[in-house]
Amino acid sequence: MLEIEIDGQQVSVEDGSTVMDAAHQAGIYIPHFCYHKKLSIAANCRMCLVQVEKAPKPLPACATPVTAGMKVWTHSEAAVKAQKGVMEFLLINHPLDCPICDQGGECQLQDLAVGYGGVASRYQEEKRVVFNKNLGSLVSTDMTRCINCTRCVRFTVEIAGEMELGQAFRGEHAEIMPFIEKTVDSELSGNIIDLCPVGALTSKPFRFSARTWEMSRRRSVSPHDSLGANLIVQTKHDVVKRVLPLENEELNECWLSDKDRFSYEGLNSDERLTTPLIKQDGEWKAVDWQAALEFAASGLRGIAKDYGPAAIGALGSPHATVEELHLLQKLARGLGSGNVDFRLRQTDFRADAGRAGAPWLGMKVAETGELDRLLVVGSFLRKDHPLLAQRVRQATKRGLLVSVVGPNAEEWLLPVRARALVAPSALVDTLAQIVVALAAEKGVAIDERLSGFPAQAGDDARAIAASLASGRKVAVWLGNLAVQDQRAAELQLLANEIARLAGGTAGVIGEAANSVGGYLAGAVPSADGLDARQQIEQPRKAYVLLGAEPELDFADPAATVAALGGAQLVVALSAFVSPSLREVADVLLPVAPFAETSGTFVNAEGRAQSFVAVARPQGDTRPAWKVLRVLGNVLELAGFDYNDSEAVRDEALAGDIAARLDNRVDGVALSAVAAPAGALERVADVPIHFADPLVRRAPALQRTRDAAAPVARASRATLAALGLAGGERVRLAQGAARAELTIVADDKLADGCVRVAAAHPDTATLGALSGAISVERI
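How each quantity is defined
Residues numbered from 1 in each chain as written. Predicted model: local features only at pLDDT ≥ 70, side-chain atom pairs only at ≥ 80, totals over all residues. Heavy atoms only, no water. Helix = DSSP H or I, 4+ residues; strand = E, 2+ residues; numbered from the N terminus. Buried < 20%, exposed > 50% of the residue type's maximum accessible area, 1.4 Å probe, protein only. Contact = heavy atoms within 4.5 Å. Areas by Shrake-Rupley, 256 points an atom, 1.4 Å probe, with all protein chains shown as cover. Lys, Arg positive; Asp, Glu negative; His and termini not counted. Charge placed at Lys NZ, Arg CZ, Asp CG, Glu CD. Domains from an automatic or database assignment. Buried area = accessible area lost by both parts, 1.4 Å probe. Pairing = 2+ DSSP bridges. Axes fitted to C-alpha atoms, helices over the stretch in contact; angles between N-to-C directions. Salt bridge = Lys/Arg side-chain N within 4 Å of Asp/Glu carboxyl O. UniProt positions renumbered as here; feature names shortened; annotations may be inferred. Parallel < 35°, antiparallel > 145°, perpendicular 65-115°, else oblique. Nonpolar A, V, L, I, M, F, W, Y, C, P; charged D, E, K, R; others polar. Patch = residues over 30% accessible without salt bridge, like charges linked within 9 Å, V, L, I, M, F, W, Y side chains within 5 Å. Polar contact = N/O pair within 3.5 Å; in protein donor to acceptor, adjacent residues only side chain to side chain. Right-handed = clockwise from strand over helix to strand, strands pointing away. Core = buried A, V, L, I, M, F, W, Y, C linked by side-chain atoms within 4.5 Å.

Q: Can you walk me through the overall build of the chain in this structure?
A: Within the chain, the secondary structure is distributed over 21 helices and 33 strands. By its C-alpha atoms, the chain is 90 × 70 × 55 Å across when sized along the principal axes. For the chain, with 778 residues in total, the buried portion stands at 61%. In the chain, the share of contacts with a sequence separation of at least 24, taken over all contacts with a separation of at least 6, comes to 73%. Entry remark: accessible area of the chain is about 30100 Å², with carbon and sulfur atoms responsible for 51%. The positive charge centre, built from 81 side chains, and the negative charge centre, built from 95, are 3 Å apart in the chain.

Take a look at the structure:
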């Protein structure tokens, strides 16, 4: 620790700190533009010039390290004169158009010009003009306003991980620009809007729609991936106009993914369901709530009476709140049915019988930076969990070694120490090899359950095991692809064993906002109940759907549409109307999306985060927890007397949440199963902007590169074995399910695999997310 004096105040700071750090610690504000606590130091705006004792000229506070006994004046006559001089230079070419600038009212340059700008300019020459750049559908540019602070450039390189912006030319001619004919396609690109201290980079969807002082601000929680990013939702006249990050160092820091930031556009989609609808003689008829609820209740009573309660199934989205999922399972069980599930894209439920608790990340999200070894199994990490991938990216700069097992090797924009690129059918065998190699590294005996696997490990498995064995703090994470695999239970068992041998933790990243909360809410089948897969393979007479779209949100879309289409009654609670819901449902009940209801999400680390509505529900929309409560009352079920969502939450999350989290599984048999020779295997990712109903309806996100129409992908070796060349149209088949796509070469995919995205209308006619698939030229 070093003692310095700043503006007459004694401050003790760590060695290596800068004057800016010391000022922040002392609560002293130093004007600045280019400095940002999460970015490297550039010291190019010079606005933070301060006077330092014995220094011949003012020094930039952001780049000046403290020394013992240093004396600094941040608002002395010399410091202020230097700061005013810098401000005059910054304003020389800046257009004085604050009234029409979209940054007006929240602009750092505007704020600081009040204190450090002159009343008139001495510059009489013609101001420069910089042409705008096309950065894509999310970020709008007015580059004449740019002050070249380079925050956006540093963000894309250091945080997003890829240089998509740079600075060209020199002096007055310097410009920030993307590479020629390129847009900014990072899944974190919207953060450069927040970082820009002027009006050069603004939100294209929000542009000219409201002023910051006209909007109300409310806290909320992201309803998308399992991180649970904290949000500030800004509304005007009960319409969500913009979403910004709410800083939380333990979760999203000060960042948001584009999905979290721009999905609000879907709230005002033309497909919003705002009136209860009943299908009569094949035609949809608008009715009032009483008629719709009585229709649903009468139908459910009739099915239970005629076929027994087990003929009813309840399927909820993992993006639903804890309160909604709790009442959904309570409704099903109140009717006498144990058929309830929220894990719609999973196919292997063998671990349920021996599960010790709710699967979770196994550690705090903030502890990612403390890891020195990480094994990620079956994940599209960068797109499935952008902000978690960003934390891993920063940790690799501090020495974290990342190993990966899976059929995909797309670029995560971080160094990978060891990789086993294997087909899905070989995942279990590969993890077993890592266990064998790790046991050898540690000099311990392997679990007897692995006796059926080869005693020797391959080169990739040994490299991964050697990396894990040398770690001090180790984690093993199972991604979405691993959880959705046909042998997911075995993968979790082996992940636990790897973590035990390495002295680390095993965890599940989680697909959605409530992948953990669904377990805590009890939205899983009882001992005699049917899971999500069984409810589709053994069709029920009636279904209650909560927030899910049959053709896009299930593990086997074709089978799901067929099962629901054959049911006598389908009651769908949804915020949106999709073609498949119109086809299979009998009654549509409009429920509020996250911005119009209160609720709770439990993120991957087991953190329960509650939020309240930020806008009034549209039309006759009602919060889903209220709809389920009233439906329970109409059905005359006990225990549905709640006054508010907090009462439902307290009942669902009663007790110590941490004590209910446990990744241990028992009673799962391990077996070495080889894939059929010559069989192609499907690898299915869920594209980042198609993961849930809300984000699928956000127009700006649907115009990004990540929302491009899917293609089939296979390695060059696989294409050669099929006699195909990249760019051809092919017919894909999974049993009776068919789809036609263009196939392209992708050597970042394991041989013998075909990668076909799920959750997209072009592939909704296909079958299961994993398993055999055939390809033929059209």
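Q: Would you mind showing me how to read the domain arrangement of the chain here?
A: It is common to give the size of an interface as the accessible area lost on bringing the parts into contact. According to the domain assignment, the chain contains domain 1 (1-76), domain 2 (277-349 + 517-659), domain 3 (360-508) and domain 4 (680-777). For domain 2 and domain 3, the distance between their C-alpha centroids amounts to 35 Å. At the junction of the two partners, domain 2 supplies seven residues and domain 3 supplies 14 residues. Summed over both partners, the interface of domain 2 with domain 3 comes to about 790 Å²; 48% of that surface belongs to carbon and sulfur atoms.

Q: Would you mind going over the sheet that holds strand β12 (residues 239-245) with me for this structure?
A: The strands that make up a sheet pair up through hydrogen bonds in the backbone, lying either parallel or antiparallel. Strand order in the open sheet formed by three strands is β10-β11-β12, and the pairing between neighbours is antiparallel. Each having just a single partner strand, β10 (216-221) and β12 make up the two edges of the open sheet. Strand-to-strand twist across the sheet, computed as the mean angle between neighbouring axes with direction ignored, equals 30 degrees. Bridge count between β10 and strand β11 (residues 230-236): six bridges; the pairing is antiparallel. Paired with Ser220 across the strands is Leu231, a residue of β11.

Q: Whenever I open this one, the pattern of salt bridges confuses me. Can you help?
A: Between side chains of opposite charge, pairing is possible as soon as their charged atoms come close. Overall, the coordinates contain 45 salt bridges when judged by the stated rule. Where Arg345 meets Glu511, a salt bridge forms, and the shortest distance between an N and an O atom there is 2.4 Å. In this pair, Arg345 is assigned in the loop between β16 (340-341) and β17 (373-377) and Glu511 in the loop between β21 (505-508) and α15 (517-520), connecting sequence segments 166 residues apart. Given the relative accessible area of 4%, Arg345 is considered buried. The partly exposed category is assigned to Glu511, whose relative accessible area is 22%. Here the residues in one salt-bridge network are Glu271, Arg345, Glu511, Glu549, Asp553, Arg696 and Arg697, joined through shared partners.

Q: Is there a simple way to explain the UniProt feature "domain: 4Fe-4S His(Cys)3-ligated-type" (unreviewed entry) in the chain in this structure?
A: When the UniProt feature table is mapped to this numbering, "domain: 4Fe-4S His(Cys)3-ligated-type" (unreviewed entry) covers residues 78-117. A helix fraction of 60% and a strand fraction of 0% characterise residues 78-117, whose end C-alpha atoms lie 16 Å from each other.

Q: I would appreciate a short explanation of the packing of helix α8 (residues 322-334) against helix α20 (residues 645-652) in the present structure.
A: Packed helices, taken two at a time, are described by the angle their axes make and the gap between the axes. Relative to each other, α8 and α20 sit at 70 degrees, their axes nearing to 9 Å. The angle between the axes of α8 and α20 places the two elements in the roughly perpendicular class. Counted together, Val322, Glu323, His326, Leu327 and Lys330 of α8 and Ser645, Val648, Arg649, Glu651 and Ala652 of α20 form the full contact between these two elements. The residue makeup of the contact of α8 with α20, split by class, is four nonpolar, two polar and four charged.

Q: What exactly am I supposed to notice about a nonpolar patch on the surface here?
A: On the surface, a cluster of nonpolar side chains totalling about 280 Å² of accessible area is made up of Val157, Met163 and Phe179. Looking at where Met163 falls in the secondary structure, it is placed in the loop between α4 (151-158) and β7 (165-168).

Q: What is the right way to look at the UniProt feature "domain: 4Fe-4S Mo/W bis-MGD-type" (unreviewed entry) in the chain in this model?
A: Following the UniProt record, the feature "domain: 4Fe-4S Mo/W bis-MGD-type" (unreviewed entry) maps to residues 215-271 here. In the segment residues 215-271, helix accounts for 9% and strand for 35%; the C-alpha atoms at its two ends are 25 Å apart.

Q: Is there a simple way to explain the sheet that holds strand β4 (residues 59-60) in this structure?
A: Spatially, β2-β1-β5-β3-β4 is the arrangement adopted by the five strands of the open sheet, whose pairing is mixed. The strands lining the two open edges of the sheet, one partner per strand, are β2 (9-13) and β4. With two bridges joining them, strand β3 (residues 49-52) and strand β5 (residues 71-73) adopt antiparallel strand pairing. Within β5, the residue paired with Val52 across the bridge is Val72. Across the sheet, helix α2 (residues 77-92) touches β3 and β5, and the angle it forms with β3 is around 155 degrees.

Q: What exactly am I supposed to notice about the side chain of Asp662 here?
A: For Asp662, the location among the structural elements is in the loop between α20 and β27 (681-683). Look at Asp662 and you get buried, because its relative accessible area is 16%. For Asp662, the side chain forms a polar contact with the side chain of Arg664, separated by 2.6 Å. Ignoring anything within four residues of it in the chain, the contact list for Asp662 reads Ala356, Gly357, Ala358, Pro359 and Trp360.

Q: Is there a simple way to explain the pairing of strand β24 (residues 587-590) in this structure?
A: Consecutive side chains along a regular strand alternate between the two faces of the sheet. Alternating positions in β24 separate into two faces, Val587 and Leu589 on one and Leu588 and Pro590 on the other, with burial throughout. Where strand β13 (residues 277-280) and β24 come together, two bridges link them in antiparallel fashion. Its bridge partner being in β24, Leu277 is matched across the sheet by Leu588. Pairing between strand β23 (residues 569-574) and β24: four bridges, direction parallel. Looking across to β24, one finds that Ser574 is bridged to Pro590. Handedness of the β23-helix α18 (residues 579-584)-β24 crossover: right-handed.

Q: Please explain the nonpolar core as it appears in this structure.
A: Among soluble globular proteins, nonpolar side chains are generally buried collectively. Counting 90 residues, the largest nonpolar core has Phe33, Phe155 and Trp477 as the members making the most contacts within it. With five residues, helix α10 (residues 386-397) is the single largest residue contributor to this core. Excluding anything up to four places from it in sequence, Phe155 contacts Leu39, Ala160, Leu188, Asn191, Ile192, Leu195 and Trp255. Listed in part, the 55 residues of the second largest apolar core include Leu328, Val627, Tyr642 and Val648.

Q: Is there a simple way to explain the pairing of strand β25 (residues 599-602) in this structure?
A: By the alternation rule, side chains of β25 split into Gly599 and Phe601 and Thr600 and Val602, which are all buried. Alignment of β25 against strand β26 (residues 608-611), held across four bridges, turns out to be antiparallel. Each residue of the ladder has a partner; that of Thr600, found in β26, is Ser610.

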